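Examining the three-dimensional arrangement
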Amino acid sequence: MSGSMVLVERRDAVTILTINNPRQRNAMSGPVKAELIPAMRAALADAGCRAIVLTGAEGCFSAGGDVSRFSTMAPEKGRQLVRDQREFLHLVMRGDKAVIAAVEGYSYGAGFGLAMACDHIVAARDARFCAAFNKIGLMPDGGLLWTLPQRIGAERAREMMMLATVVDGAEGHRIGLVDTLAEPKGALDAALAKAALFAAAAPIAVAMTKSAFARWPLNLDQFLAMEADGQALLLSSEDCREGARAFLEKRAPAFRGR
Amino acid sequence: MAQLERGTHLTREGAIAILTMSNPGKRNAFSVEMREDLTRHLEDLQRDSSCRAIVLQGADGCFSAGGDVSGFGTKTVIDYRAGLIASHRFVRLLITGEKPVVAAVEGYAYGAGLGLALCCDQVVAARDAKLCASFAKIGLMPDMGLLWTLPQRVGVGRAKEMIMLATVVGAEEGLGIGLVDEVADSGGALAAAMALAERFAATAPSATGLTKAMLARHPLGLEDQLEWEAQGQGLLFTTADVAEGVAAFRAKRPATFKGE
(Lines give C-alpha, C1' and ligand atoms only; values in the text may rest on other atoms or scores of the structure.)
Protein backbone atom coordinates (compact mmCIF):
# COMPACT_ATOMS: atom_id res chain seq x y z
CA MET A 1 0.00 0.00 0.00
CA SER A 2 2.26 2.82 -1.20
CA GLY A 3 1.02 6.21 -2.42
CA SER A 4 3.37 8.56 -4.20
CA MET A 5 3.90 11.07 -1.38
CA VAL A 6 4.11 8.63 1.54
CA LEU A 7 5.73 5.19 1.40
CA VAL A 8 4.46 2.52 3.79
CA GLU A 9 6.44 -0.57 4.71
CA ARG A 10 5.92 -3.20 7.43
CA ARG A 11 9.01 -4.94 8.82
CA ASP A 12 7.97 -7.50 11.41
CA ALA A 13 5.97 -5.56 14.02
CA VAL A 14 7.27 -2.15 12.91
CA THR A 15 5.59 0.07 10.28
CA ILE A 16 7.82 2.57 8.48
CA LEU A 17 6.15 5.72 7.13
CA THR A 18 8.41 7.64 4.76
CA ILE A 19 7.55 11.15 3.59
CA ASN A 20 8.42 11.01 -0.09
CA ASN A 21 8.44 14.52 -1.48
CA PRO A 22 12.21 15.02 -1.94
CA ARG A 23 11.82 17.78 -4.57
CA GLN A 24 10.49 19.98 -1.73
CA ARG A 25 12.79 18.42 0.86
CA ASN A 26 9.78 16.51 2.21
CA ALA A 27 7.92 19.67 3.16
CA MET A 28 4.58 19.02 4.90
CA SER A 29 2.57 20.06 1.86
CA GLY A 30 -1.17 19.45 1.38
CA PRO A 31 -0.63 16.33 -0.77
CA VAL A 32 1.83 14.89 1.79
CA LYS A 33 -0.62 15.37 4.65
CA ALA A 34 -3.45 13.96 2.55
CA GLU A 35 -1.56 10.63 2.42
CA LEU A 36 0.19 10.78 5.78
CA ILE A 37 -3.01 11.02 7.83
CA PRO A 38 -4.70 7.86 6.44
CA ALA A 39 -1.37 6.00 6.49
CA MET A 40 -0.92 6.75 10.20
CA ARG A 41 -4.55 5.79 10.91
CA ALA A 42 -4.02 2.47 9.14
CA ALA A 43 -0.81 1.74 11.07
CA LEU A 44 -2.55 2.50 14.38
CA ALA A 45 -5.42 0.19 13.41
CA ASP A 46 -3.12 -2.64 12.26
CA ALA A 47 -3.06 -5.24 15.08
CA GLY A 48 0.25 -6.64 13.78
CA CYS A 49 1.97 -3.26 14.05
CA ARG A 50 3.38 -2.51 17.52
CA ALA A 51 5.61 0.53 16.77
CA ILE A 52 5.86 3.14 14.02
CA VAL A 53 8.94 4.77 12.50
CA LEU A 54 8.47 8.13 10.81
CA THR A 55 11.17 9.30 8.40
CA GLY A 56 11.83 11.29 5.20
CA ALA A 57 13.07 10.04 1.83
CA GLU A 58 16.55 10.69 0.40
CA GLY A 59 18.33 11.73 3.57
CA CYS A 60 16.05 14.57 4.66
CA PHE A 61 13.40 14.33 7.41
CA SER A 62 11.27 17.37 6.53
CA ALA A 63 12.30 20.93 5.78
CA GLY A 64 9.00 22.37 7.05
CA GLY A 65 5.95 23.79 5.33
CA ASP A 66 5.46 24.57 1.67
CA VAL A 67 6.92 28.11 1.76
CA SER A 68 6.08 28.81 -1.88
CA ARG A 69 2.39 29.06 -0.90
CA PHE A 70 2.70 31.08 2.30
CA SER A 71 2.80 34.65 0.96
CA THR A 72 -0.31 34.29 -1.17
CA MET A 73 -2.44 32.41 1.32
CA ALA A 74 -5.79 33.72 2.59
CA PRO A 75 -6.25 33.49 6.39
CA GLU A 76 -8.92 30.79 6.24
CA LYS A 77 -6.62 28.68 4.07
CA GLY A 78 -3.78 29.13 6.58
CA ARG A 79 -5.98 28.05 9.46
CA GLN A 80 -7.02 24.95 7.54
CA LEU A 81 -3.34 24.15 6.90
CA VAL A 82 -2.57 24.24 10.61
CA ARG A 83 -5.72 22.21 11.40
CA ASP A 84 -4.63 19.47 9.01
CA GLN A 85 -1.27 19.47 10.74
CA ARG A 86 -3.06 19.14 14.07
CA GLU A 87 -5.01 16.12 12.88
CA PHE A 88 -1.78 14.31 12.14
CA LEU A 89 -0.13 15.40 15.39
CA HIS A 90 -3.14 14.07 17.34
CA LEU A 91 -2.65 10.68 15.73
CA VAL A 92 1.06 10.69 16.64
CA MET A 93 0.64 11.88 20.23
CA ARG A 94 -2.72 10.40 21.22
CA GLY A 95 -2.37 7.13 19.34
CA ASP A 96 -1.70 3.95 21.30
CA LYS A 97 1.59 3.01 19.62
CA ALA A 98 5.11 4.34 20.15
CA VAL A 99 6.23 6.57 17.26
CA ILE A 100 9.95 6.90 16.58
CA ALA A 101 11.35 9.69 14.39
CA ALA A 102 14.40 8.80 12.25
CA VAL A 103 15.98 12.14 11.37
CA GLU A 104 18.65 12.76 8.69
CA GLY A 105 19.28 16.13 7.09
CA TYR A 106 16.76 18.82 7.93
CA SER A 107 14.05 18.86 10.56
CA TYR A 108 12.92 22.47 10.18
CA GLY A 109 9.74 24.36 11.00
CA ALA A 110 6.71 22.07 10.67
CA GLY A 111 9.19 19.22 10.14
CA PHE A 112 10.74 20.05 13.50
CA GLY A 113 7.30 20.05 15.12
CA LEU A 114 6.67 16.65 13.59
CA ALA A 115 9.85 15.15 15.06
CA MET A 116 9.18 16.64 18.52
CA ALA A 117 5.67 15.11 18.57
CA CYS A 118 7.24 11.62 18.41
CA ASP A 119 7.93 9.55 21.53
CA HIS A 120 11.55 8.85 20.68
CA ILE A 121 13.87 10.80 18.42
CA VAL A 122 16.77 9.13 16.64
CA ALA A 123 18.99 11.54 14.72
CA ALA A 124 22.19 11.40 12.69
CA ARG A 125 25.07 13.32 14.25
CA ASP A 126 24.92 15.84 11.38
CA ALA A 127 21.12 16.21 11.24
CA ARG A 128 19.92 19.78 11.73
CA PHE A 129 16.97 20.94 13.82
CA CYS A 130 15.51 24.44 13.63
CA ALA A 131 12.26 26.16 14.65
CA ALA A 132 12.67 28.20 11.49
CA PHE A 133 9.29 29.96 11.72
CA ASN A 134 10.33 33.44 12.69
CA LYS A 135 12.81 33.63 9.84
CA ILE A 136 9.73 34.25 7.72
CA GLY A 137 7.70 36.11 10.34
CA LEU A 138 5.70 33.18 11.72
CA MET A 139 5.19 31.85 15.24
CA PRO A 140 5.93 28.17 16.00
CA ASP A 141 3.24 25.64 15.09
CA GLY A 142 3.08 21.86 14.95
CA GLY A 143 2.62 21.78 18.72
CA LEU A 144 6.18 23.02 19.34
CA LEU A 145 5.16 25.53 22.01
CA TRP A 146 3.85 22.53 23.95
CA THR A 147 6.42 19.83 23.09
CA LEU A 148 9.73 21.68 22.97
CA PRO A 149 9.83 23.18 26.51
CA GLN A 150 8.93 19.74 27.92
CA ARG A 151 11.94 18.24 26.17
CA ILE A 152 14.67 20.85 26.62
CA GLY A 153 13.34 23.28 29.26
CA ALA A 154 11.83 26.72 28.86
CA GLU A 155 15.07 28.71 28.44
CA ARG A 156 16.52 26.67 25.60
CA ALA A 157 13.11 26.39 23.94
CA ARG A 158 12.75 30.15 24.05
CA GLU A 159 16.11 30.65 22.37
CA MET A 160 15.45 28.06 19.65
CA MET A 161 12.01 29.52 18.91
CA MET A 162 12.80 33.23 19.12
CA LEU A 163 16.18 33.17 17.38
CA ALA A 164 15.63 30.19 15.05
CA THR A 165 18.91 28.70 16.30
CA VAL A 166 20.12 25.63 14.39
CA VAL A 167 20.95 22.64 16.63
CA ASP A 168 22.73 19.60 15.18
CA GLY A 169 22.16 15.98 16.20
CA ALA A 170 25.16 15.81 18.54
CA GLU A 171 24.26 18.97 20.48
CA GLY A 172 20.61 17.92 20.42
CA HIS A 173 21.56 14.68 22.14
CA ARG A 174 23.38 16.61 24.85
CA ILE A 175 20.40 18.86 25.63
CA GLY A 176 17.66 16.20 25.47
CA LEU A 177 16.28 17.17 22.05
CA VAL A 178 17.50 13.85 20.61
CA ASP A 179 17.20 10.52 22.46
CA THR A 180 19.42 8.26 20.34
CA LEU A 181 22.39 9.48 18.32
CA ALA A 182 23.35 7.73 15.07
CA GLU A 183 26.22 8.13 12.61
CA PRO A 184 25.44 10.05 9.39
CA LYS A 185 23.12 7.98 7.17
CA GLY A 186 22.55 5.58 10.08
CA ALA A 187 19.39 7.11 11.59
CA LEU A 188 16.89 4.70 10.02
CA ASP A 189 18.81 1.57 11.04
CA ALA A 190 19.23 2.89 14.58
CA ALA A 191 15.54 3.83 14.68
CA LEU A 192 14.51 0.35 13.53
CA ALA A 193 16.67 -1.23 16.25
CA LYS A 194 15.04 1.02 18.86
CA ALA A 195 11.56 0.45 17.39
CA ALA A 196 12.01 -3.31 17.84
CA LEU A 197 12.41 -2.67 21.59
CA PHE A 198 9.27 -0.51 21.72
CA ALA A 199 7.42 -3.18 19.71
CA ALA A 200 8.35 -5.82 22.31
CA ALA A 201 7.02 -3.72 25.21
CA ALA A 202 3.57 -4.48 26.64
CA PRO A 203 1.06 -2.69 24.34
CA ILE A 204 -1.50 -1.64 26.97
CA ALA A 205 1.18 -0.24 29.28
CA VAL A 206 2.70 1.72 26.36
CA ALA A 207 -0.75 3.04 25.39
CA MET A 208 -1.56 4.13 28.95
CA THR A 209 1.83 5.77 29.39
CA LYS A 210 1.40 7.66 26.11
CA SER A 211 -2.08 8.73 27.10
CA ALA A 212 -0.74 10.12 30.39
CA PHE A 213 1.97 12.15 28.64
CA ALA A 214 -0.53 13.48 26.08
CA ARG A 215 -2.68 14.92 28.89
CA TRP A 216 0.06 17.15 30.27
CA PRO A 217 -0.27 19.47 32.13
CA LEU A 218 -1.86 17.52 34.96
CA ASN A 219 -1.27 18.11 38.64
CA LEU A 220 -0.17 15.46 41.11
CA ASP A 221 -3.71 14.53 42.17
CA GLN A 222 -4.80 14.02 38.57
CA PHE A 223 -1.76 11.84 37.85
CA LEU A 224 -2.36 9.75 40.96
CA ALA A 225 -6.02 9.21 40.04
CA MET A 226 -5.03 8.10 36.54
CA GLU A 227 -2.30 5.87 37.94
CA ALA A 228 -4.70 4.11 40.33
CA ASP A 229 -7.26 3.45 37.58
CA GLY A 230 -4.74 2.40 34.92
CA GLN A 231 -2.38 0.34 37.04
CA ALA A 232 -5.25 -1.56 38.69
CA LEU A 233 -6.41 -2.68 35.23
CA LEU A 234 -2.87 -3.55 34.14
CA LEU A 235 -2.17 -5.54 37.31
CA SER A 236 -5.06 -7.81 36.33
CA SER A 237 -4.05 -8.12 32.66
CA GLU A 238 -2.81 -11.30 30.99
CA ASP A 239 0.34 -9.43 30.01
CA CYS A 240 1.14 -8.71 33.66
CA ARG A 241 0.74 -12.36 34.60
CA GLU A 242 3.02 -13.28 31.69
CA GLY A 243 5.52 -10.57 32.74
CA ALA A 244 5.59 -11.80 36.34
CA ARG A 245 6.01 -15.44 35.20
CA ALA A 246 8.78 -14.48 32.78
CA PHE A 247 10.52 -12.49 35.53
CA LEU A 248 10.47 -15.43 37.94
CA GLU A 249 11.56 -17.85 35.19
CA LYS A 250 14.30 -15.39 34.12
CA ARG A 251 13.21 -15.32 30.48
CA ALA A 252 12.01 -12.54 28.13
CA PRO A 253 8.24 -12.00 28.30
CA ALA A 254 5.99 -12.35 25.23
CA PHE A 255 3.35 -9.62 25.54
CA ARG A 256 0.13 -9.86 23.50
CA GLY A 257 -1.78 -6.76 24.50
CA ARG A 258 -4.38 -8.58 26.59
CA MET B 1 23.47 -5.40 62.99
CA ALA B 2 20.50 -7.67 63.47
CA GLN B 3 18.24 -8.02 60.48
CA LEU B 4 15.27 -5.64 60.60
CA GLU B 5 11.86 -7.25 60.39
CA ARG B 6 9.47 -6.55 57.54
CA GLY B 7 8.19 -2.96 57.53
CA THR B 8 9.54 0.59 57.76
CA HIS B 9 11.60 1.49 60.82
CA LEU B 10 12.08 4.94 62.33
CA THR B 11 15.29 6.06 64.03
CA ARG B 12 16.33 9.58 65.02
CA GLU B 13 19.63 11.43 64.90
CA GLY B 14 18.99 14.88 66.32
CA ALA B 15 16.70 16.83 64.02
CA ILE B 16 16.88 14.15 61.34
CA ALA B 17 14.51 11.20 61.13
CA ILE B 18 15.78 8.12 59.29
CA LEU B 19 13.18 5.83 57.75
CA THR B 20 14.52 2.40 56.80
CA MET B 21 12.47 0.11 54.57
CA SER B 22 12.96 -3.59 55.12
CA ASN B 23 11.75 -6.79 53.49
CA PRO B 24 14.52 -9.32 54.21
CA GLY B 25 15.43 -11.74 51.44
CA LYS B 26 13.36 -9.78 48.88
CA ARG B 27 15.64 -6.80 48.27
CA ASN B 28 13.13 -4.70 50.20
CA ALA B 29 10.37 -5.37 47.71
CA PHE B 30 7.38 -3.23 48.52
CA SER B 31 4.97 -4.75 51.07
CA VAL B 32 1.77 -3.78 52.86
CA GLU B 33 3.69 -3.56 56.18
CA MET B 34 6.23 -1.23 54.58
CA ARG B 35 3.42 0.94 53.25
CA GLU B 36 1.47 1.14 56.52
CA ASP B 37 4.56 1.89 58.64
CA LEU B 38 5.82 4.49 56.18
CA THR B 39 2.46 6.28 56.15
CA ARG B 40 2.15 6.26 59.94
CA HIS B 41 5.71 7.50 60.54
CA LEU B 42 5.42 10.24 57.92
CA GLU B 43 2.14 11.44 59.44
CA ASP B 44 3.69 11.57 62.91
CA LEU B 45 6.80 13.33 61.65
CA GLN B 46 4.77 16.06 59.93
CA ARG B 47 3.43 17.01 63.37
CA ASP B 48 6.80 16.71 65.12
CA SER B 49 8.46 20.13 65.15
CA SER B 50 11.74 18.65 66.42
CA CYS B 51 12.09 16.81 63.10
CA ARG B 52 13.53 19.13 60.48
CA ALA B 53 14.52 16.67 57.73
CA ILE B 54 13.93 13.03 56.78
CA VAL B 55 16.22 10.48 55.18
CA LEU B 56 14.63 7.50 53.41
CA GLN B 57 16.72 4.38 52.82
CA GLY B 58 16.48 0.62 52.36
CA ALA B 59 17.96 -1.92 54.77
CA ASP B 60 21.03 -4.07 53.97
CA GLY B 61 22.47 -2.01 51.11
CA CYS B 62 19.44 -2.04 48.82
CA PHE B 63 16.93 0.81 48.48
CA SER B 64 13.99 -1.19 47.08
CA ALA B 65 13.66 -3.57 44.14
CA GLY B 66 10.00 -2.51 43.61
CA GLY B 67 6.71 -4.33 43.91
CA ASP B 68 6.53 -7.94 45.04
CA VAL B 69 6.07 -9.75 41.71
CA SER B 70 4.67 -12.86 43.36
CA GLY B 71 1.45 -10.95 44.16
CA PHE B 72 0.83 -9.69 40.64
CA GLY B 73 -2.07 -11.02 38.61
CA THR B 74 -3.73 -12.73 41.60
CA LYS B 75 -6.23 -10.16 42.90
CA THR B 76 -9.23 -8.25 41.52
CA VAL B 77 -9.02 -4.87 39.78
CA ILE B 78 -10.79 -3.14 42.66
CA ASP B 79 -8.41 -4.66 45.26
CA TYR B 80 -5.38 -3.47 43.30
CA ARG B 81 -6.94 -0.05 42.96
CA ALA B 82 -7.53 0.17 46.71
CA GLY B 83 -3.89 -0.79 47.30
CA LEU B 84 -2.64 1.91 44.95
CA ILE B 85 -4.87 4.54 46.56
CA ALA B 86 -3.57 3.48 50.00
CA SER B 87 -0.01 3.99 48.74
CA HIS B 88 -0.89 7.47 47.57
CA ARG B 89 -1.18 8.56 51.20
CA PHE B 90 2.56 8.34 51.74
CA VAL B 91 3.27 9.55 48.18
CA ARG B 92 1.38 12.74 49.10
CA LEU B 93 3.08 12.97 52.51
CA LEU B 94 6.50 12.81 50.85
CA ILE B 95 5.71 15.26 48.03
CA THR B 96 3.30 17.70 49.61
CA GLY B 97 4.44 17.34 53.25
CA GLU B 98 6.50 20.17 54.71
CA LYS B 99 9.59 18.24 55.79
CA PRO B 100 12.44 17.99 53.30
CA VAL B 101 13.21 14.37 52.39
CA VAL B 102 16.48 12.94 51.08
CA ALA B 103 16.60 9.47 49.50
CA ALA B 104 19.78 7.46 50.19
CA VAL B 105 20.00 4.90 47.39
CA GLU B 106 22.30 1.87 47.55
CA GLY B 107 21.87 -1.15 45.30
CA TYR B 108 18.56 -1.14 43.44
CA ALA B 109 15.87 1.50 43.11
CA TYR B 110 13.58 -0.31 40.67
CA GLY B 111 9.91 0.15 39.82
CA ALA B 112 7.99 1.33 42.89
CA GLY B 113 11.42 1.76 44.55
CA LEU B 114 12.41 4.35 41.93
CA GLY B 115 8.97 5.94 42.29
CA LEU B 116 9.59 6.29 46.05
CA ALA B 117 13.08 7.73 45.57
CA LEU B 118 11.73 10.37 43.17
CA CYS B 119 9.00 11.39 45.65
CA CYS B 120 11.93 12.68 47.75
CA ASP B 121 13.29 16.21 47.34
CA GLN B 122 16.85 15.06 46.81
CA VAL B 123 18.30 11.77 45.60
CA VAL B 124 21.73 10.66 46.78
CA ALA B 125 22.92 7.47 45.08
CA ALA B 126 25.96 5.25 45.62
CA ARG B 127 28.28 5.03 42.62
CA ASP B 128 27.24 1.42 41.92
CA ALA B 129 23.50 1.95 42.51
CA LYS B 130 21.13 1.10 39.67
CA LEU B 131 17.89 2.94 38.93
CA CYS B 132 15.17 1.61 36.65
CA ALA B 133 11.48 2.28 35.98
CA SER B 134 11.16 -1.48 35.57
CA PHE B 135 7.33 -1.55 35.32
CA ALA B 136 7.31 -2.20 31.55
CA LYS B 137 9.25 -5.44 32.07
CA ILE B 138 6.14 -6.98 33.57
CA GLY B 139 3.58 -5.17 31.44
CA LEU B 140 2.78 -2.36 33.89
CA MET B 141 2.63 1.43 33.70
CA PRO B 142 4.56 3.52 36.25
CA ASP B 143 3.07 4.21 39.68
CA MET B 144 4.02 5.99 42.93
CA GLY B 145 3.64 9.31 41.11
CA LEU B 146 6.50 8.54 38.70
CA LEU B 147 4.62 9.95 35.69
CA TRP B 148 4.53 13.26 37.55
CA THR B 149 8.05 13.23 39.05
CA LEU B 150 10.23 11.69 36.34
CA PRO B 151 9.54 14.06 33.39
CA GLN B 152 10.19 17.02 35.70
CA ARG B 153 13.64 15.61 36.47
CA VAL B 154 14.83 14.27 33.11
CA GLY B 155 12.53 15.79 30.45
CA VAL B 156 9.89 14.07 28.38
CA GLY B 157 12.15 12.30 25.86
CA ARG B 158 14.30 10.53 28.44
CA ALA B 159 11.29 9.86 30.68
CA LYS B 160 9.44 8.06 27.89
CA GLU B 161 12.48 5.92 27.07
CA MET B 162 13.12 5.06 30.74
CA ILE B 163 9.44 4.17 31.22
CA MET B 164 8.56 2.37 27.99
CA LEU B 165 11.86 0.48 27.60
CA ALA B 166 12.74 0.04 31.32
CA THR B 167 16.27 1.33 30.70
CA VAL B 168 18.69 0.82 33.61
CA VAL B 169 20.49 4.03 34.64
CA GLY B 170 23.65 4.05 36.78
CA ALA B 171 24.33 6.72 39.42
CA GLU B 172 26.88 8.71 37.38
CA GLU B 173 24.67 8.71 34.29
CA GLY B 174 21.75 9.62 36.53
CA LEU B 175 23.70 12.60 37.82
CA GLY B 176 24.33 13.72 34.24
CA ILE B 177 20.65 13.70 33.29
CA GLY B 178 19.26 15.12 36.56
CA LEU B 179 17.82 11.85 37.89
CA VAL B 180 20.28 11.86 40.79
CA ASP B 181 21.45 14.94 42.71
CA GLU B 182 24.60 13.59 44.34
CA VAL B 183 26.79 10.53 43.85
CA ALA B 184 28.42 8.92 46.93
CA ASP B 185 30.98 6.14 47.23
CA SER B 186 29.63 2.62 47.36
CA GLY B 187 28.26 2.09 50.87
CA GLY B 188 28.37 5.83 51.52
CA ALA B 189 24.89 6.93 50.40
CA LEU B 190 23.49 7.18 53.94
CA ALA B 191 26.42 9.29 55.23
CA ALA B 192 26.16 11.62 52.22
CA ALA B 193 22.37 11.83 52.59
CA MET B 194 22.74 12.65 56.32
CA ALA B 195 25.20 15.45 55.50
CA LEU B 196 22.74 16.85 52.94
CA ALA B 197 19.81 16.44 55.35
CA GLU B 198 21.77 18.42 57.99
CA ARG B 199 21.89 21.33 55.58
CA PHE B 200 18.14 21.13 54.96
CA ALA B 201 17.54 20.82 58.72
CA ALA B 202 19.35 24.14 59.26
CA THR B 203 17.02 26.04 56.90
CA ALA B 204 13.94 27.97 58.07
CA PRO B 205 11.19 25.30 58.29
CA SER B 206 8.34 27.53 57.14
CA ALA B 207 10.22 28.78 54.09
CA THR B 208 11.27 25.23 53.14
CA GLY B 209 7.75 23.92 53.83
CA LEU B 210 6.06 26.56 51.71
CA THR B 211 8.58 26.07 48.90
CA LYS B 212 7.77 22.36 48.91
CA ALA B 213 4.04 23.11 48.92
CA MET B 214 4.44 25.38 45.88
CA LEU B 215 6.57 22.89 43.94
CA ALA B 216 4.01 20.16 44.74
CA ARG B 217 1.38 22.18 42.86
CA HIS B 218 3.27 21.91 39.57
CA PRO B 219 2.14 22.70 36.91
CA LEU B 220 0.70 26.11 37.78
CA GLY B 221 -0.02 28.97 35.42
CA LEU B 222 1.99 32.15 35.95
CA GLU B 223 -0.89 34.04 37.58
CA ASP B 224 -1.55 31.25 40.11
CA GLN B 225 2.16 30.99 40.84
CA LEU B 226 2.45 34.74 41.49
CA GLU B 227 -0.68 34.71 43.67
CA TRP B 228 0.56 31.83 45.86
CA GLU B 229 3.96 33.48 46.08
CA ALA B 230 2.37 36.71 47.34
CA GLN B 231 0.29 34.80 49.93
CA GLY B 232 3.20 32.67 51.12
CA GLN B 233 5.82 35.38 51.23
CA GLY B 234 3.36 37.69 52.97
CA LEU B 235 3.10 35.13 55.79
CA LEU B 236 6.84 34.47 55.96
CA PHE B 237 7.68 38.19 56.31
CA THR B 238 5.88 38.14 59.66
CA THR B 239 7.86 35.20 61.15
CA ALA B 240 10.56 35.35 63.84
CA ASP B 241 12.76 33.31 61.51
CA VAL B 242 12.88 36.12 58.96
CA ALA B 243 13.77 38.62 61.71
CA GLU B 244 16.55 36.24 62.80
CA GLY B 245 17.70 35.80 59.19
CA VAL B 246 17.95 39.54 58.67
CA ALA B 247 19.78 40.05 62.00
CA ALA B 248 22.23 37.25 61.18
CA PHE B 249 22.82 38.66 57.71
CA ARG B 250 23.65 42.10 59.17
CA ALA B 251 25.91 40.61 61.85
CA LYS B 252 27.57 38.37 59.22
CA ARG B 253 26.88 35.23 61.31
CA PRO B 254 24.96 32.05 60.43
CA ALA B 255 21.25 32.25 61.26
CA THR B 256 19.60 29.93 63.79
CA PHE B 257 16.07 29.18 62.56
CA LYS B 258 13.51 27.80 64.99
CA GLY B 259 10.40 27.52 62.86
CA GLU B 260 8.71 30.39 64.67
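Residues numbered from 1 in each chain as written. Chains lettered and ligands numbered in written order. Predicted model: local features only at pLDDT ≥ 70, side-chain atom pairs only at ≥ 80, totals over all residues.

1. Quick notes on the interface of chain A and chain B
Counted only if it meets this: Residues are scored as being in contact if the C-beta atoms we place from backbone atoms lie within 7 Å. We count a stretch as a helix when DSSP gives it H or I for four or more residues in a row; a strand needs E for two or more, and each element gets its number in order from the N terminus. Ten residue types, Ala, Val, Leu, Ile, Met, Phe, Trp, Tyr, Cys and Pro, are classed as nonpolar, four, Asp, Glu, Lys and Arg, as charged, and the remainder, Gly among them, as polar.
Listed as interface residues are 45 residues of chain A and, on the opposing side, 36 residues of chain B. Elements represented by at least two residues in the side of chain A that touches chain B include exactly strand 6 (120-124), helix 4 (144-152), helix 7 (187-200), helix 8 (203-214), helix 9 (220-235) and helix 10 (238-248) of chain A. Ranked by residue count, the leading element in the side of chain A that touches chain B is helix 9 of chain A, at 12 residues. Broken down by class, the residue content of the side of chain A that touches chain B amounts to 27 nonpolar, 10 polar and eight charged.

2. A look at the domain arrangement of chain B
Residue and element names in this part refer to chain B. Cut-off, in case you're wondering: In this entry, domain limits derive from an automatic or database-based domain assignment.
According to the domain assignment, chain B contains domain 1 (7-201) and domain 2 (205-250). Relative placement of domain 1 and domain 2: their C-alpha centres are 27 Å apart. Taken together, the residues of the side of domain 1 that touches domain 2 sort by class into three nonpolar, two polar and three charged.

3. Considering the domain arrangement of chain A
Residue and element names in this part refer to chain A. Per the domain assignment, the segments of chain A are domain 1 (6-200) and domain 2 (203-248). Computed over C-alpha atoms, the centres of domain 1 and domain 2 are 27 Å apart. Opposite the seven residues of domain 1 that make contact, domain 2 presents six residues. Along the lines of polarity and charge, the residues of the side of domain 1 that touches domain 2 split into two nonpolar, one polar and four charged.

4. Here's the deal with the pairing of strand 1 (residues 6-11) of chain A
All names here are of chain A. Put simply, the rule reads: Two strands make a pair as long as DSSP finds a minimum of two bridges between them.
Pairing of strand 1 with strand 2 (residues 14-19) involves six bridges; the strand directions are antiparallel. Looking across to strand 2, one finds that Arg-10 is bridged to Thr-15. In this antiparallel pair of consecutive strands, strand 1 and strand 2, the connection spans two residues, and Asp-12 shows a positive phi of 50 degrees.

5. Some thoughts on the confidence of the model for chain B
For clarity, the cut-off: One confidence number per residue, pLDDT, is output by the predictor and ranges from 0 to 100.
For chain B, mean pLDDT is 96; residues scoring 70 or higher make up 99% of the total. Two summary scores accompany this predicted model of the complex, namely pTM at 0.94 and ipTM at 0.92.

6. Things to note about the sheet that holds strand 3 (residues 51-56) of chain A
Note on sheets: strands pair through backbone hydrogen bonds, and any given pair is parallel or antiparallel. Residues and elements named next belong to chain A. Quick note on the threshold: Under this scheme, a helix contributes an axis fitted over its contacting stretch, all axes are lines through C-alpha atoms, and angles between N-to-C directions fall in the 0 to 180 degree range.
A sheet is described by the order of its strands in space; here six strands give the open sequence 1-2-3-4-6-9, paired in mixed fashion. Of all the strands in the sheet, the pair left with one neighbour each is strand 1 and strand 9 (180-182). Averaged over neighbouring strand pairs, the angle between their axes works out to 20 degrees when direction is ignored. In this sheet, strand 4 (residues 98-103) lies alongside strand 3 in parallel orientation, the contact comprising five bridges. By the bridge assignment, Ala-51 is partnered in strand 4 with Ala-98. Of the strands in this sheet, strand 1, strand 2 and strand 3 are in contact with helix 1 (residues 30-45), which crosses strand 2 at around 175 degrees.

7. A word on helix 4 (residues 146-165) of chain B
Residues and elements named next belong to chain B. What counts here: Every helix has an expected span of 1.5 Å times one less than the residues it contains. The seven residues ending at a residue and the seven starting there each receive a fitted axis; the angle between those axes is the bend at that residue. A residue is called partly exposed when the number of other C-beta atoms within 10 Å of its own lies between 12 and 20, exposed at 12 or fewer, and buried at 20 or more, with C-beta atoms placed from the backbone.
Here helix 4 contains 20 residues, and its C-alpha end-to-end distance of 15 Å is more than 12% below the 28 Å for a straight helix at 1.5 Å per residue. By the largest-angle criterion, Gly-155 marks the main kink of helix 4, which is about 120 degrees. The buried count for helix 4 comes to 17 of 20 residues, which makes it a mostly enclosed element.

8. Examining the environment of Leu-89 of chain A
Residues and elements named next belong to chain A. Checked against the element boundaries, Leu-89 lands in helix 2 (residues 75-94). Judged by the 20 C-beta atoms lying within 10 Å of it, Leu-89 is buried. When the C-alpha positions of Leu-89 and Thr-15 are compared, they lie 17 Å apart, and in sequence the two are 74 residues distant.

9. Details of the packing of helix 1 (residues 32-47) of chain B against helix 2 (residues 77-96) of chain B
Helix packing for two helices is described by the angle between their axes and how far apart those axes are. Residue and element names in this part refer to chain B. Stated precisely, the cut-off is as follows: When the near helix sits turned anticlockwise from the far one by under a right angle, the crossing is termed left-handed; a clockwise turn instead gives a right-handed crossing.
Interaxial distance between helix 1 and helix 2 falls to 9 Å at its minimum, and their mutual angle equals 35 degrees. Once helix 1 is placed against helix 2, the crossing between them reads as left-handed. Each of Arg-35, Leu-38, Thr-39, Leu-42, Glu-43 and Gln-46 in helix 1 lies in contact with helix 2, whose residues at this interface are Ala-86, Ser-87, Arg-89, Phe-90, Leu-93 and Leu-94.

10. What about the packing of helix 4 of chain A against helix 5 (residues 154-163) of chain A?
Residues and elements named next belong to chain A. Note the following rule: In this scheme, roughly parallel covers angles under 35 degrees and roughly antiparallel covers those over 145, while 65 to 115 is roughly perpendicular and the rest are oblique.
One way to put it is that helix 4 packs onto helix 5 with a least axis distance of 7 Å and a crossing angle of 130 degrees. Classified by the interaxial angle, the pair formed by helix 4 and helix 5 is oblique. In this structure, the crossing between helix 4 and helix 5 has a hand that is right-handed. Across the interface between the two elements, Leu-144, Leu-148, Pro-149 and Ile-152 of helix 4 pack against Ala-154, Arg-156, Ala-157, Met-160 and Met-161 of helix 5. Here the contact of helix 4 with helix 5 is built from residues that sort into eight nonpolar, no polar and one charged.

11. Regarding the environment of Ala-243 of chain B
Residue and element names in this part refer to chain B. By secondary structure assignment, the location of Ala-243 is in helix 9 (residues 240-250). Residue class for Ala-243 comes out partly exposed when judged on the 13 C-beta atoms lying within 10 Å of it. Here the alpha-carbon distance between Ala-243 and Tyr-108, two residues 135 residues apart in the chain, equals 44 Å.

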